[in-house]
Amino acid sequence: MNTYSESLQLNVGEIKIKKTKLGRYKLKKRDSKDKLVMVVIAAMFFSLIYYLGFEVDYKWDMFSPHIAKKIVMDFFRFDLVPADEKLGMLSRLTNTVLLGLLTTLLGAAVSFPLGLLAANNISSNKISTFVNAIVSFLRAVPTIVWVLIFVAGYGLSATTAIVGMTFHTIAFFVKSFSESFEEVDPGAIEALKASGASMPQIIFGAIVPSAYTKLISWIAMRTEINFAVAVVIGPAVGVPGTIGTAINVYSGHANYSAMGFGVMCVFLIALAFELIITRIKQTQII
Amino acid sequence: MTEQTVLRVENVDKIYKNGVKALSGVSFNVDNGEFVSVIGPSGSGKSTLLRCINRMIDASKGDIYFIGQSVNKADKHQIKEIRKNIGMIFQHYNLVYRLNALENVLHGKLGSYSTVQSALGLYTAKDVEKAIEILHMLGLEERVYEQCSNLSGGQKQRVGIARALIQGPKMILCDEPIASLDPQASKVIMEYLYDITRTFGIPCLVNLHQVEVAKSYSDRIIGLRNGEIVFSGKPGELTADMISHIYGVSSEELIS
């Protein structure tokens, strides 16, 4: 042992270790990529300062202390909202949650086979690249834009919202499902292959059981996202009977307590989703 | 070739796409009831050789005959039949850890089921009974319904052996079955493999890193170096000189 550490000490003198300008030893080798990242961050930082400082028109003169005070005072006065309006709001909330769930489940059902095709350890390289290319294009366009595109076909209706949201959900799920499939231990796949199992048998025997909890947690996460989208999609394409539309109408009528009640409902549902997802993630790690 | 010969490897070469020559001119036979070890340094082609036998990897040249059937000329259907008849055991067990021991053992039988049956888990009562029987035989009767991620390394490997056995294999290939196990679990696994060869007469071809283990269990040892067979003989014939020839260093530099 002694001789070994002695020889080590000897080597430290001989090996040249690069130092930074501050005289510390360098632990990383920096290359042009790191510099590029620094340049981009600096550019974004300065453009943000320029934009906030010189470009934005703040319109402070439009600010009315009277209205601000009314909003703050009325926002949490849920007692000012009549009971039948509260009930109506709750039924609209249910609609919104269902819209989120429906689009997520539809999307998941369509994405499962597409996800298998997009996973490069299951399908061929060509098919996987092809599916991934299409899907990344679909994903690059935001949900709300897809919904607006479908307005052309289905008009301002619930169908538009469902089709548009499902469309983007599929793009999201194909990517996340295929990545979950790709993370499956290649050894387990090899073992089943070596015992004479066919590809569908490997999918149902090894890949799906291994990726199962990940798929569930992706679906839970997307349900939350789709709920949030369902809230804002209502006023955007005029889906009647969603909470977003109701909040929008109350805002127009300056009925701030009803608006506050609606926002509180949305917040509580979002919180519930968050708690459920955390729970799923905890149980998933096995 | 006698009636006894299960596997005949003839002049097999394997050159990977990147130009690496993994095997060159490998020829040997494995007879019924024989326990054959393959030793050699890392990168000597042991794993490649094993995977050429059930055609997980295609050999570049030469041919392999498994019970008289050419492996290299086999079509898709024939390859499936060959694979069904060869059990394989892996260093990292290669189980589906989210499933329990029983389900993993039954995976060995997937090849004989239709896609729908296997997707719904509709295994026959006979196969389930057999799986439980094999798990009992390997001392895992308490662990039948245990999720595989909760098993110890030795237990996982026993599930791996059970998965190979339920196939009713005519031969078992083991790719470094004890490389990730502690000495005691290693001994248990080697004893089971040895017993299987002796009691059922199923020949075993085992890749090993431990020369001493190979010496004490094998009927025959094959030494690979740079993809070529440099030794083939009884354990008694494997001298210290030969070991250093296989590994390319003097045997004092090896941990036995």
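Since we're looking at a predicted model, the values are computed, not measured.

Here is what the cut-offs are and how they apply
- Residues numbered from 1 in each chain as written.
- Chains lettered and ligands numbered in written order.
- Predicted model: local features only at pLDDT ≥ 70, side-chain atom pairs only at ≥ 80, totals over all residues.
- Helix = DSSP H or I, 4+ residues; strand = E, 2+ residues; numbered from the N terminus.
- Rg over C-alpha atoms; globule rule 2.2 N^0.38 Å.
- Buried ≥ 20, exposed ≤ 12 C-beta atoms within 10 Å, placed from the backbone.
- Contact = placed C-beta atoms within 7 Å.
- Nonpolar A, V, L, I, M, F, W, Y, C, P; charged D, E, K, R; others polar.
- Pairing = 2+ DSSP bridges.
- Axes fitted to C-alpha atoms, helices over the stretch in contact; angles between N-to-C directions.
- Domains from an automatic or database assignment.
- Core = buried A, V, L, I, M, F, W, Y, C linked by C-beta atoms within 7 Å.
- pLDDT = per-residue confidence, 0-100.

## Here we look at the overall build of chain A
- Broken down by element type, chain A carries 11 helices and 0 strands.
- Ordered by position from N to C terminus, the α and β elements of chain A give α-α-α-α-α-α-α-α-α-α-α.
- For a compact globule of 286 residues, the expected C-alpha radius of gyration is about 19 Å, and chain A comes in at 27 Å, more than 25% above that figure.
- When each of the 286 residues of chain A is scored for burial, the buried share is 31%.
- In chain A, 68% of the contacts between residues at least 6 apart in sequence involve partners at least 24 apart.

## Details of the overall build of chain B
- A count of helical and extended segments in chain B gives 9 helices and 10 strands.
- Once the C-alpha set of chain B is aligned to its principal axes, its extents read approximately 50 × 40 × 40 Å.
- Looking at chain B as a whole, 46% of its 256 residues are labelled buried.
- Within chain B, contacts between residues separated by at least 24 positions form 68% of all contacts whose residues are at least 6 apart in sequence.

## Describing the interface of chain B and chain A
- In this assembly, 22 residues from chain B lie in contact with 20 residues from chain A.
- Those elements giving two or more residues to the side of chain B that touches chain A turn out to be α2 (76–84) and α4 (115–120) of chain B.
- Among the residues forming the side of chain B that touches chain A, the class breakdown is 8 nonpolar, 10 polar and 4 charged.

## Some points on the sheet that holds strand β7 (residues 171–175) of chain B
Residues and elements named next belong to chain B.
- On the basis of which strands lie adjacent, the open sheet formed by 6 strands has the order β6-β7-β8-β3-β9-β10 and mixed pairing. Two strands in the sheet have a free side with no partner beyond their single neighbour: β6 (86–89) and β10 (228–233). If you compare each strand with its neighbour and ignore which way they point, the axes differ by 20° on average.
- Pairing of strand β3 (residues 35–39) with strand β8 (residues 204–208) involves 5 bridges; the strand directions are parallel. Bridged to V36 within β8 is L205.
- Where helix α7 (residues 183–200) meets the sheet, its contacts fall on β3, β7 and β8, and the angle it forms with β8 comes to roughly 160°.

## Description of the domain arrangement of chain A
- The assigned domain composition of chain A is domain 1 (7–55) and domain 2 (71–285).
- Taken over C-alpha atoms, the centre of domain 1 of chain A sits 40 Å from the centre of domain 2 of chain A.

## Overview of the nonpolar core
- Ranked by internal contacts, the top residues of the largest apolar core, which has 103 residues, are I207 of chain A together with V105, A162, I172, L173 and C204 of chain B.
- Looking at this core, the element that brings in the most residues is helix α7 (residues 158–182) of chain A, giving 8 residues.
- Apart from residues no more than four positions distant in its own chain, I207 of chain A is found in contact with I122, F181, V184, I189 and I202 of chain A.
- Counting 26 residues, the second-largest nonpolar core is a separate cluster that includes L93, V229, C265 and I269 of chain A.

## A few points about the confidence of the model for chain B
- A residue-level look at chain B finds 98% of positions with pLDDT of 70 or above and a mean pLDDT of 91.
- For this predicted complex, the interface confidence comes out at an ipTM of 0.90, alongside a pTM of 0.82.

## Focus on the pairing of β8 of chain B
Residues and elements named next belong to chain B.
- The buried fraction of β8 amounts to 5 of the 5 residues, a majority that puts the element mostly inside the structure.
- Neither face of β8 is left uncovered, since the one carrying C204, V206 and L208 and the one carrying L205 and N207 both have all their residues buried.
- As defined by bridge partners, β7 adjoins β8 across 4 bridges and the pair is classed as parallel. Residue L173 lies in a different strand from β8, and its bridge partner there is L205.

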